[in-house]
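# Observations on the model geometry
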Amino acid sequence: MRELSPDRPDKTECPYTVDAGHFQLEMDFANYTADDADGVRTRAWNVAPFNAKVGLLNNVDLQLVYDNYLHVRTGDRLGRTATQSGFGDVTTRLKINLWGNDSGQTAFGILPFVKFPTSTDHLGNNSVEGGMILPLAVKLPGDWDMGLELAGSENRNDESPGHHGEFIESVTFDHRIIGKLSGYGEFFSDISTRGGPGWIGTVDVGLEYLANENVQLDCGGNFGVTPAADDVNVFSGITVRFY
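This report concerns the structure included in the present document. (Residues numbered from 1 in each chain as written. Predicted model: local features only at pLDDT ≥ 70, side-chain atom pairs only at ≥ 80, totals over all residues. Heavy atoms only, no water.)

## Let's talk about the overall build of the protein chain
- Each helix and strand counted, the protein chain has zero helices and 15 strands in total.
- By the compact-globule yardstick of 18 Å for 243 residues, the protein chain fits well, its C-alpha radius of gyration being 18 Å.
- Dimensions of the protein chain, computed from the C-alpha atoms along their principal axes, are close to 55 × 35 × 30 Å.
- Out of the 243 residues in the protein chain, the part that is buried amounts to 43%.
- Counted over contacts in the protein chain with a minimum sequence separation of 6, partners at least 24 positions apart contribute 51%.
- Roughly 12,300 Å² of accessible area belongs to the protein chain as shown, and the carbon and sulfur atoms make up 62% of that amount.
- Across the protein chain, the centroid of the 18 positively charged side chains sits 3 Å from that of the 34 negatively charged ones. (Helix = DSSP H or I, 4+ residues; strand = E, 2+ residues; numbered from the N terminus. Rg over C-alpha atoms; globule rule 2.2 N^0.38 Å. Buried < 20%, exposed > 50% of the residue type's maximum accessible area, 1.4 Å probe, protein only. Contact = heavy atoms within 4.5 Å. Areas by Shrake-Rupley, 256 points an atom, 1.4 Å probe, with all protein chains shown as cover. Lys, Arg positive; Asp, Glu negative; His and termini not counted. Charge placed at Lys NZ, Arg CZ, Asp CG, Glu CD.)

## Here we look at the pattern of salt bridges
- The final tally for this structure, using the stated rule, is 15 salt bridges.
- Lys-53 serves as the salt-bridge partner of Asp-7, at 2.7 Å between the closest nitrogen and oxygen. Taken together, the positions of Asp-7 in the segment before strand E1 (23–37) and Lys-53 in strand E3 (residues 50–57) put the pair 46 residues apart, joining distant regions of the chain.
- Here Asp-7 falls in the buried class, since its relative accessible area comes to 4%.
- Judged by relative accessible area, which is 3%, Lys-53 ranks as buried.
- Of the charged contacts, one joins Arg-8 and Asp-28 as a salt bridge, the two residues approaching to 2.7 Å between their closest N and O atoms. Taken together, the residues span a long stretch of sequence, with Arg-8 in the segment before E1 and Asp-28 in strand E1 at a distance of 20 residues. We note that Arg-8, like Asp-28, is buried.
- When salt bridges that share partners are traced, they join Asp-7, Glu-13, Glu-26, Lys-53, Arg-93 and Lys-95 into one network. (Salt bridge = Lys/Arg side-chain N within 4 Å of Asp/Glu carboxyl O.)

## Side note on the packing of aromatic side chains
- Under the defined criterion, the tally for this structure stands at five aromatic pairs.
- Aromatic side chains Phe-50 and Tyr-66 sit 5.8 Å apart centroid to centroid with 70° between the ring planes, which places their arrangement in the edge-to-face category. Pair noted here: Phe-50 is in strand E3 and Tyr-66 is in strand E4 (residues 60–66), with a separation of 16 residues, a long-range link.
- One Lys or Arg, Lys-11, reaches over the ring of Phe-188 and ends 4.3 Å from the middle of that ring. (Phe/Tyr/Trp six-rings, centres within 6.5 Å; stacked < 30°, edge-to-face > 60°. Lys NZ or Arg CZ within 6 Å of the ring centre and 35° of its normal.)

## A short note on the nonpolar core
- Grouped together as the largest cluster of nonpolar side chains are six residues: Leu-111, Phe-113, Ile-133, Ala-151, Ile-168 and Phe-188.
- Once you skip the residues sitting within four places of it in the chain, Phe-188 turns out to touch Lys-11, Ile-168, Glu-169, Ser-170, Ile-200, Gly-201, Thr-202 and Asp-204. (Core = buried A, V, L, I, M, F, W, Y, C linked by side-chain atoms within 4.5 Å.)

## Side note on the pairing of strand E8 (residues 106–116)
- Relative to E8, strand E7 (residues 90–99) runs antiparallel, the two being bridged by seven bridges. For Ile-96, the partnering residue across the bridge sits in E8 and is Ile-110.
- Linking two consecutive strands that pair antiparallel, namely E7 and E8, is a turn of six residues; a positive phi of about 85° is found at Gly-100 within it.
- Here E8 pairs with strand E9 (residues 129–140) via eight bridges, running antiparallel. Bridge assignment links Lys-115 to a residue of E9, and that residue is Glu-129. (Pairing = 2+ DSSP bridges.)

## A few points about the environment of Arg-93
- Looking at the element boundaries, Arg-93 is found in strand E7.
- For Arg-93, a relative accessible area of 9% puts it in the buried group.
- C-alpha separation for the pair Arg-93 and Ala-137, spaced 44 residues apart in sequence, amounts to 19 Å.
- In this view, Arg-93 contacts Asp-7, Glu-13, Asn-51, Asp-61, Leu-62, Gln-63, Val-65, Leu-111, Pro-112, Phe-113 and Ile-133; residues no more than four positions away in its chain are not counted.

## Section: the side chain of Glu-166
- Mapped onto the fold, Glu-166 is located in strand E11 (residues 163–178).
- Of note is the side chain of Glu-166, whose polar atom sits 3.1 Å from the side chain of His-164.
- Contact partners of Glu-166, with chain neighbours within four places excluded, come to Ala-151, Gly-152, Ser-153, Asn-155, Asp-190, Ile-191 and Ser-192. (Polar contact = N/O pair within 3.5 Å; in protein donor to acceptor, adjacent residues only side chain to side chain.)

## What about the pairing of E3?
- In this structure, E1 lies alongside E3, joined through five bridges in antiparallel fashion. Bridge pairing links Gln-24 to Lys-53 in E3.
- Two successive antiparallel strands, E3 and E4, enclose a turn made up of two residues.

## Looking at the side chain of Asp-19
- Within the secondary structure, Asp-19 is located in the segment before E1.
- Classification of Asp-19 by relative accessible area gives buried; the value is 10%.
- If sequence neighbours within four positions are ignored, Asp-19 has contacts with Met-1, Arg-2, Gly-55 and Arg-241.

By themselves, these observations are geometric and do not establish any function.
Given below as structure tokens:
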């Protein structure tokens with residue numbers, strides 16, 4: 001068994017796969033987002049969203065990502081409010097590690113994905129969308145780990161016919177703090193070709209506690225640094241690997 005390497009809690013995906021024949025569950029206990037922009041106040045809860053993984057081959061795993069239960073409340077300057085509650089979309093992903101899964105200073109993978117519109121109460125855009133994620137991991141001197149990600153997707157326009165591209169770039173640095181406790185810092189960027197409010201940029205920080213070789217607890221916060229980004233997103237969660 002290789003070391004436990006979940007895709008959470010940072011946004012940057014990792015290139016390491018789940019060992020063949022094994023299962024892994026990565027889940028938020030709860031996830032809270034707050035944003036105030038252009039006179040609209042949004043507060044959202046996402047309860048127990050998860051990523052369930054199964055190792056198919058030594059370098060391939062299949063993933064099912066589900067937003068689970070969502071509760072979103074919006075309000076404007078006139079005091080009008082709207083509430084949406086229901087279940088989110090499902091995304092299937094196939095992670096293929098191209099090198100570095102078991103040894104080496106670097107690792108690289110490809111992660112194609114397709115999102116299916118299973119959401120209720122207008123919490124999604126009722127469209128099939130997909131794309132590709134390219135994660136890279138690098139072991140640095142001083143027991144530092146760096147993760148890099150490039151991703152692209154084809155998404156449906158919100159208010160007009162047709163689709164547009166979205167491109168994600170992120171970088172994260174992780175280091176052990178003391179004992180089994182580690183921390184990370186990350187910069188995340190999401191640029192859309194449809195124009196509108198502009199690019200999304202966040203600075204993200206968090207902690208990871210490796211309870212044992214198969215269980216990791218975590219918590220973190222993502223903080224918007226551009227007008228188009230949510231102001232704050234905080235969460236706590238767990239990763240469990242099953243034999």
